[in-house]
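Here's the letter readout for the chains.
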Amino acid sequence: MRIEEDIKLGFKDVLIRPKRSILKSRSEVNLIRSFTFKYSCHQWSGIPIIAANMDTIGTFEMALSLSSFNILTAIHKYYSFDEWKVFINKSTEKTLEHVIVSIGTSDLDFLKIQKILSLSSKLKYICIDVANGYSECFVSFLKKVRDSYPNAIICAGNVVTGEMVEELILSGADIVKVGIGPGSVCTTRVKTGVGYPQLSAIIECADAAHGLNGQIISDGGCIVSGDIAKAFGGGSDFVMLGGMLSGHYECSGKIIKEHSKKFMLFYGMSSSSAMQRYSGQIKGYRASEGKIVKIPFRGNVDITMQDILGGLRSACTYVGAQKLKELTKRTTFIRVNEQENRVFNDFTY
Ligand code: 5GP
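Residues numbered from 1 in each chain as written. Predicted model: local features only at pLDDT ≥ 70, side-chain atom pairs only at ≥ 80, totals over all residues. Heavy atoms only, no water.

**Details of the UniProt feature "binding site: K(+)" (unreviewed entry) in the chain**
As recorded in UniProt, the feature "binding site: K(+)" (unreviewed entry) lies at Gly181 and Gly183. Its place among the elements puts Gly181 in the loop between β8 (175–178) and α7 (188–192). The class for Gly181 is buried, based on a relative accessible area of 15%. Contact partners of Gly181, with chain neighbours within four places excluded, come to Cys186, Thr188 and Arg189. (UniProt positions renumbered as here; feature names shortened; annotations may be inferred. Helix = DSSP H or I, 4+ residues; strand = E, 2+ residues; numbered from the N terminus. Buried < 20%, exposed > 50% of the residue type's maximum accessible area, 1.4 Å probe, protein only. Contact = heavy atoms within 4.5 Å.)

Printed below as a string of structure tokens:
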């Protein structure tokens, strides 16, 4: 047994220190980033935020809405091939360029990705997603997908440590997805005792990825737009959001009405709800590692997204970053024991 003594940090442990700036207004901030990838020959420009590939969040409706902001959606893996065909037929090129196709690591997943990608040359992103990206068979599967798709932009995860980021990039990933346990409906840390505070994971994994010309996605744990700013400030190239985008028309969660108020169900992909829905049962050897929650219904996602982007632009002006790209080098984190003043939080009007 070993103990690492240095304290690892989450978003709640820091604030970003303000810096002198010549920016006059938030409107001068450019949130668009352009990336060239390690393996893929494609270039991508857009706002590097991604809707999570959870079945309630990574929907076709979400992609239609968020692509107008130049934001990506990781489509969940439970749509059928026929549903994909209908979506592709009615989507513009711009929407398809902002879509990531998610898969697991089974033989069926491999067949499915071949069929889906053959439908449109505009589909360029593949996300190979498993809860635990440390397994050998995951790495072999990644190599197989890279061999078959030398030009695709491949994201793979999830991991939280530099050495595994390096292994995934060297095995064919352009982008590594980072996060074990920080998610809003995740109970992995409680069930298993395993995890890594998200901000430290970002800082360490970004360093490892950038050293090999790779990129990272910070996946999970953002509760407010300030956390997204901290994730970018820590060096993340992309930020993936689940809970912050939940409860909207574009989500697929069940709507519940109580005393004339609307709520929507949102659940983790390893929750008992998801397991029952997709495998018809909770296997005897598996514990649920996700929560089911009921959240107030919030209307259209574009209103929420405008608010998120406004917060991000404001963060950039506070540190004098005219482009989102500059946010990392202009970020100094200060460690804190307090965040916001919550005195009137129960009296919100
Ligand atoms: P959020 O933005 O809601 O904090 O985090 C979203 C991320 O949580 C997802 O992209 C995914 O990586 C993770 N996640 C989703 N469902 C589950 C689950 O049931 N268990 C665990 N451990 N993580 C989950």
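**A few points about the packing of helix α5 (residues 136–148) against helix α6 (residues 162–170)**
Here α5 crosses α6 at 30°, and the two axes come no closer than 9 Å. In this view, α5 runs roughly parallel relative to α6, as classed from their interaxial angle. Contacts between α5 and α6 involve Phe138, Val139 and Leu142 from the former and Met164, Glu167 and Leu168 from the latter. (Axes fitted to C-alpha atoms, helices over the stretch in contact; angles between N-to-C directions. Parallel < 35°, antiparallel > 145°, perpendicular 65-115°, else oblique.)

**What about the packing of aromatic side chains?**
Inspection of the entire model under this criterion finds 13 aromatic pairs. Relative to Tyr125, the ring of Phe37 lies with its centre 6.3 Å away and its plane at 80°, an arrangement referred to as edge-to-face. With Phe37 in the loop between β2 (33–36) and β3 (43–51) and Tyr125 in strand β6 (residues 125–129), the pair connects residues that are 88 residues apart, well separated along the chain. Taking relative accessible area as the criterion, Phe37 reaches 8% and is therefore assigned buried. On the basis of an interplanar angle of 80° and a centroid distance of 6.1 Å, the ring pair of Phe110 and Phe141 is categorised as edge-to-face. (Phe/Tyr/Trp six-rings, centres within 6.5 Å; stacked < 30°, edge-to-face > 60°.)

**Notes on unusual backbone geometry**
Note the cis peptide between Gly157 and Asn158, where omega equals 15°. Of note in the backbone geometry, Ser260 takes a positive phi value of approximately 60° without being a glycine.

**Some points on a negative patch on the surface**
Negative charge collects at one region of the surface, where Glu136, Glu163, Glu166, Glu167 and Asp207 lie side by side. Turning to its location among the elements, Glu136 is positioned in helix α5. (Patch = residues over 30% accessible without salt bridge, like charges linked within 9 Å, V, L, I, M, F, W, Y side chains within 5 Å. Areas by Shrake-Rupley, 256 points an atom, 1.4 Å probe, with all protein chains shown as cover. Salt bridge = Lys/Arg side-chain N within 4 Å of Asp/Glu carboxyl O. Lys, Arg positive; Asp, Glu negative; His and termini not counted. Charge placed at Lys NZ, Arg CZ, Asp CG, Glu CD.)

**As for the sheet that holds strand β11 (residues 255–258)**
Read across the open sheet, the three strands follow the order β11-β12-β13; overall the sheet is antiparallel. Unpaired on one side and paired on the other, β11 and β13 (292–296) mark the two borders of the sheet. Going across the sheet, the axis of each strand differs from the next one's by a mean of 35°, ignoring polarity. With five bridges joining them, strand β12 (residues 261–267) and β13 adopt antiparallel strand pairing. (Pairing = 2+ DSSP bridges.)

**Focus: the environment of Ile223**
Following the sequence through the fold, Ile223 ends up in the loop between β9 (215–219) and α9 (225–233). Residue class for Ile223 comes out exposed when judged on its relative accessible area of 67%. The spacing of Ile223 and Asn53 is 170 residues in sequence and 17 Å in space, taken between C-alpha atoms.

**A look at the pattern of salt bridges**
Within the structure shown, the criterion is met by 12 salt bridges. For Glu97, the salt bridge identified is with Lys122, shortest N-O distance 3.9 Å. A residue pair is termed long-range when its members are at least 10 positions apart, and Glu97 in helix α3 (residues 93–97) and Lys122 in the loop between α4 (107–117) and β6 qualify at 25 residues. Given the relative accessible area of 22%, Lys122 is considered partly exposed.

**What to know about the site of the ligand**
The full set close to the ligand counts 21 residues, and Ser184, Thr188, Asp219, Ser270 and Glu289 are the nearest of them. With respect to the ligand, the side chain of Ser184 contributes an N or O atom lying 2.5 Å from an oxygen atom. A distance of 2.9 Å separates an oxygen atom of the ligand from a polar atom in the backbone of Gly221. (Near = heavy atom within 4 Å. Polar contact = N/O pair within 3.5 Å; in protein donor to acceptor, adjacent residues only side chain to side chain.)

**Here we look at helix α2 (residues 81–90)**
For α2, the complete set of buried residues consists of Trp84, Phe87 and Ile88. Projected onto a plane normal to the axis of α2, the buried residues spread over an arc of 95° and lie on a single side. Away from its buried face, by an angle of more than 90 degrees, α2 presents the exposed residues Asp82, Val86, Asn89 and Lys90. The elements touched by buried residues of α2 are α1 (60–66), β4 (71–75), α3, β5 (99–103) and α4. (Arc of directions from axis to C-beta.)

**Points about a nonpolar patch on the surface**
There is a patch of nonpolar side chains on the surface, built from Val343, Phe344 and Phe347 and spanning about 390 Å² of accessible area. Overall, Phe347 belongs to the exposed group, its relative accessible area being 63%.

**Some words on the pairing of strand β7 (residues 153–159)**
In terms of residue burial, β7 counts as a mostly covered element, since seven of its seven residues are buried. The handedness of the β6 to β7 crossover, carried by α5, is right-handed. Here β7 runs beside β8; their pairing, made up of four bridges, is parallel. Paired with Ala156 across the bridge in β8 is Val176. Note that the unit made of β7, α6 and β8 has a crossover that is right-handed. (Right-handed = clockwise from strand over helix to strand, strands pointing away.)

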